[in-house]
Amino acid sequence: MQFTVPLLVSYLIAQTHGSPLISPRAGRPAYFLLTGDSTTAPKGGWGDGFLSTTIAAGSSAHNYGHSGATTASFRAGGDWNKVTKDISTYKDKYNVYVTIQFGHNDQKETSGVSLAQYTTNLENFASEAAAAGAIPILLTPLTRRVFSNGKVVESLSTQRNLTITAAESKNYRWIDLNMASQNYVNAIGRTAASKYNLASDDWTHLNEYGGVVFARLVSDLLVSKYPEIAKVTKANTTLSAALAAGKPA
Ligand SMILES: *[C@@H]1O[C@H](CO)[C@@H](O)[C@H](O)[C@H]1NC(C)=O
Ligand SMILES: *[C@@H]1O[C@H](CO)[C@@H](O)[C@H](O)[C@H]1NC(C)=O
């Protein structure tokens, strides 16, 4: 048997960086490991709503969202290490999905993370998750709900686009949470959107119900793009219908 050079090279790359196209095994439950900043974390993000309302019996999840995290601090502070440990613990019994959603803190002048580093850090999370035996899914960052002239201010468009660039670099899975959440918030308007605020003047973080609503949006995006995830998901047709119709939930 003879390898052509390009074939051999791509084989070696796949060995070094992990195959980007690990397929879920049919019939297995899922273990979702959620990584991100405060917009995923408990008390302000969608992660806990995802755990409590979207996971089917037999499947499981852990919310590793960390308030204030950037793609750099999430690794430097030890969070990413916990995620890769969990992958090795769960990968033999579950399809392990790692959701990766950053940008809100990386984009701050003070973060010390350049746009190029942000993109590379996302690629590295995805490739390391895949190499460890999980299925990474990059999420473009949840929109802020700040309005100007009746429209949501697109403050994360650069990070959205770079997240997609990172995902497409090696054909990793991704969903466009930024665009979907922005479209939804635009559709329901500022007054309805304010009901999800963690505090009345906090248009970034979510209260408990807001967490449930945007967790459902994440879940619906996952299921519609990756249909096998429906089997490990508890549906809520009422909430999904409101989201799809752009009606306040
Ligand atoms: C992001 O990409 C979209 C096209 O998908 C483009 O319209 C938009 O201008 C881009 N945003 C930035 C900040 O480059
Ligand atoms: C769907 O979500 C709504 C809003 O959280 C909730 O009131 C309702 O009980 C849920 N329905 C099901 C079947 O879980």
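Residues numbered from 1 in each chain as written. Chains lettered and ligands numbered in written order. Predicted model: local features only at pLDDT ≥ 70, side-chain atom pairs only at ≥ 80, totals over all residues.

(A) Molecular detail of the nonpolar core. Counting 62 residues, the largest nonpolar core has Val 96, Val 98, Ile 100, Ala 126, Ile 137, Leu 138 and Val 218 as the members making the most contacts within it. The element that contributes the greatest number of residues to this core is helix α8 (residues 208-225), accounting for eight residues. Beyond its immediate chain neighbours, meaning those up to four positions away, Ala 126 contacts Ile 100, Pro 136, Leu 138, Ala 166, Ala 167 and Tyr 172. (Core = buried A, V, L, I, M, F, W, Y, C linked by C-beta atoms within 7 Å. Buried ≥ 20, exposed ≤ 12 C-beta atoms within 10 Å, placed from the backbone. Helix = DSSP H or I, 4+ residues; strand = E, 2+ residues; numbered from the N terminus. Contact = placed C-beta atoms within 7 Å.)

(B) Expanded view of the confidence of the model for the protein. Averaged over all residues, the pLDDT of the protein equals 93, while 92% of them reach at least 70. Confidence drops under a pLDDT of 50 for residues 1-20, and excluding neighbours within four residues, the segment shows 13 contacts in the predicted structure. (pLDDT = per-residue confidence, 0-100.)

(C) How the structure looks around α8. Relative to the 26 Å expected for 18 residues at 1.5 Å per residue, α8 spans 26 Å between its end C-alpha atoms, a close match to the ideal helical length. With respect to burial, α8 is a largely interior element, 13 of its 18 residues being buried. (Expected span 1.5 Å × (residues − 1).)

(D) Quick look at the packing of helix α7 (residues 177-193) against α8. Interaxial distance between α7 and α8 falls to 11 Å at its minimum, and their mutual angle equals 130°. Taken together, the axes of α7 and α8 lie oblique to each other. Where α7 crosses over α8, the handedness of that crossing is right-handed. Seen from α7, the contacting residues are Leu 177, Ala 180, Ser 181 and Tyr 184; seen from α8, they are Phe 214, Leu 217, Val 218 and Leu 221. (Axes fitted to C-alpha atoms, helices over the stretch in contact; angles between N-to-C directions. Parallel < 35°, antiparallel > 145°, perpendicular 65-115°, else oblique. Left-handed = near helix turned anticlockwise from the far one by under 90°.)

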